[in-house]
Amino acid sequence: MHQGPGILSPRQRRLAWLGFLLAALQAPVSAWLVADESWLFSLCVALMVATVIIADDAARRRPADATSD
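Residues numbered from 1 in each chain as written. Predicted model: local features only at pLDDT ≥ 70, side-chain atom pairs only at ≥ 80, totals over all residues. Heavy atoms only, no water.

Trainee: Could you give an account of helix H2 (residues 39–61), with specific residues and numbers?
Mentor: With 23 residues, H2 ought to run about 33 Å at 1.5 Å a step, and its terminal C-alpha atoms sit 33 Å apart, in line with that. Listed as buried for H2 are Ser42, Ala46, Ala50, Ile53, Asp56 and Ala59. (Helix = DSSP H or I, 4+ residues; strand = E, 2+ residues; numbered from the N terminus. Expected span 1.5 Å × (residues − 1). Buried < 20%, exposed > 50% of the residue type's maximum accessible area, 1.4 Å probe, protein only.)

Below is the structure:
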């Protein structure tokens, strides 16, 4: 049984992980340095990128011969 192709290419997947890590690390640093709540934007971006990575994982785990309904 082969795995499905996923929605991201390997290069896009690496960049998504890099973007997630950078945004997730920037959020607490911004919260510590800045008095307003602008750090929440970094947190939201990190969560959106994480959602795309999870969707790609789900597509990759699906067998290649499975059809979507």
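After that view of the structure, there is still more to cover.
Trainee: Now, about the packing of helix H1 (residues 10–33) against H2: what can you tell me, with residues and values included?
Mentor: Two measures define how a pair of helices packs: the angle their axes make with one another and the distance between the axes. Two numbers describe how H1 lies on H2: the axes approach to 8 Å, and their chain directions differ by 150°. When the axes of H1 and H2 are compared, the pair comes out roughly antiparallel. For the crossing formed where H1 meets H2, the hand is left-handed. Contact residues: Pro10, Arg13, Ala16, Trp17, Phe20, Ala23, Ala24, Gln26, Ala27, Ser30 and Ala31 in H1; Trp39, Ser42, Leu43, Val45, Ala46, Val49, Ala50, Ile53, Asp56, Asp57 and Arg60 in H2. A per-class count over the contact of H1 with H2 returns 15 nonpolar, three polar and four charged. (Axes fitted to C-alpha atoms, helices over the stretch in contact; angles between N-to-C directions. Parallel < 35°, antiparallel > 145°, perpendicular 65-115°, else oblique. Left-handed = near helix turned anticlockwise from the far one by under 90°. Contact = heavy atoms within 4.5 Å. Nonpolar A, V, L, I, M, F, W, Y, C, P; charged D, E, K, R; others polar.)

Function cannot be inferred from these measures alone, as they are strictly geometric.
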